[in-house]
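What follows is the residue order along each chain.
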Amino acid sequence: MVLGVIGAGNMAQAIIAGIKKSHSLDCKNIIVSNYNKQKAARLSEEYGVLTDDNINVIKKSDIVLLAVKPYALISTLELYQNELLDKIVISVAAGISIRDMEKVNTRLKIIRVMPNTPVQICQGVFAYVYGANIIKEDKEIFSSIFSKLGMFIEIDESKIDAVSSLTGCSPAYIYQIIEAMSDAGVKMGLPRELAISLSAMAVHGSGGMVHFTGTHPAVLKDKVTSPAGSTIEGLAELESKGVRGAVISALYKAYEKTLLFSKK
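Everything in this summary refers to the structure shown in the same document. (Residues numbered from 1 in each chain as written. Predicted model: local features only at pLDDT ≥ 70, side-chain atom pairs only at ≥ 80, totals over all residues. Heavy atoms only, no water.)

1. Focus: the pattern of salt bridges
Taken as a whole and assessed by the stated rule, the structure comprises seven salt bridges. Close ionic contact of Lys241 with Glu237 constitutes a salt bridge, the shortest N to O distance being 2.4 Å. Judged by its relative accessible area of 59%, Lys241 falls in the exposed class. Exposure remark for Glu237: the relative accessible area of 41% places this residue in the partly exposed category. (Salt bridge = Lys/Arg side-chain N within 4 Å of Asp/Glu carboxyl O. Buried < 20%, exposed > 50% of the residue type's maximum accessible area, 1.4 Å probe, protein only.)

Here it is as structure tokens:
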């Protein structure tokens, strides 16, 4: 099985890194092309993938991941539609629906995916929507390569913009929170490197508690909060500063921006 990747940006790199870590596909069976050949060469050096031009990547591949910018997706499909007809075509582009892609050619086999960058360490979210022409064998091939990258979840396409905003944008917000936590640690006298490590592990473990126990976060929060203790003091400060509302607002602003992409 050969995976072709057109585009060598951050998401393409994250997916390739996750595939290598999960051993779901030998990186010698991944071929990458990019208009900036140096970026493709760097991926080759780091992960052992092969490189070629667009047309050869498509011809040599069974599955083609189009990791191009949204504005370039339809033109790429139009340019290579004949070569793509017998391939499984995967799009990571925000705002471009399966219907819009299938308008290029109704015979194209499309899977629309919305991953986030933590797929790089196989702890991401990999949401997907199948197009009308995807058959059982295509699904099995797709799953065999990408299902180990984290939460592998089929969703209704009407929800994909919300998923994109909640899981795609939120890592940036979490990184900012970790940075702020480490600033607090430094203020308390901890070395910066230790403060970052402790903060990152606290976030990682807390998320794991919610995910793996299935317990509501409010219940878990209450288990950490003692009467008249230090935790409730900090929670009261967060509430007074409007942190909960700021998080909701930030994610909804990202969602509104994503909807604008969909309307273009």
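Once you've had a look at it, read on.
2. Here's the deal with helix H4 (residues 70–84)
For H4, which comprises 15 residues, the first-to-last C-alpha distance of 18 Å sits more than 12% below the rise-based estimate of 21 Å (1.5 Å per residue). Of all the bends in H4, the greatest, near 45 degrees, is centred on Glu78. Of all the residues in H4, the buried ones are Ala72, Leu73, Thr76, Leu77, Tyr80, Gln81 and Leu84. For H4, the secondary structure elements touched by its buried residues are helix H3 (54–60), strand E4 (63–66), strand E5 (88–91) and helix H5 (98–104). (Helix = DSSP H or I, 4+ residues; strand = E, 2+ residues; numbered from the N terminus. Expected span 1.5 Å × (residues − 1). Bend = angle between axes of the 7 residues up to and from the residue. Contact = heavy atoms within 4.5 Å.)

3. Comments concerning the side chain of Thr258
Along the chain, Thr258 turns up in helix H11 (residues 243–263). The exposure class of Thr258 is buried, given its relative accessible area of 6%. Within the structure, the side chain of Thr258 is placed 3.4 Å from the side chain of Ser165, a separation counted as a polar contact. Excluding residues that lie within four positions of it along the chain, Thr258 makes contacts with Asp161, Ser164 and Ser165. (Polar contact = N/O pair within 3.5 Å; in protein donor to acceptor, adjacent residues only side chain to side chain.)

4. A look at the pairing of strand E6 (residues 109–115)
Across the seven residues of E6, seven count as buried, placing the element largely inside the fold. The alternating pattern of E6 places Lys109, Ile111, Val113 and Pro115 and Ile110, Arg112 and Met114 on opposite faces, both of which are buried. Where E5 meets E6, four bridges bridge the pair, whose relative direction is parallel. Residue pairing for E6: Ser91 is matched across the bridge by Arg112. With respect to chirality, the unit in which E5 leads through H5 into the neighbouring parallel E6 is right-handed. Across five bridges, the pairing between E6 and strand E7 (residues 124–130) is antiparallel. For Met114, the partnering residue across the bridge sits in E7 and is Ala127. (Pairing = 2+ DSSP bridges. Right-handed = clockwise from strand over helix to strand, strands pointing away.)

5. Some thoughts on the environment of Ile15
As for its position among the elements, Ile15 is in helix H1 (residues 10–22). For Ile15, a relative accessible area of 0% puts it in the buried group. Residues Ile15 and Val119, spaced 104 residues apart in sequence, show a C-alpha to C-alpha distance of 6.2 Å. What Ile15 contacts, discounting residues up to four positions off in sequence, is Leu65, Val92, Pro115, Val119, Phe126, Phe146 and Leu149.

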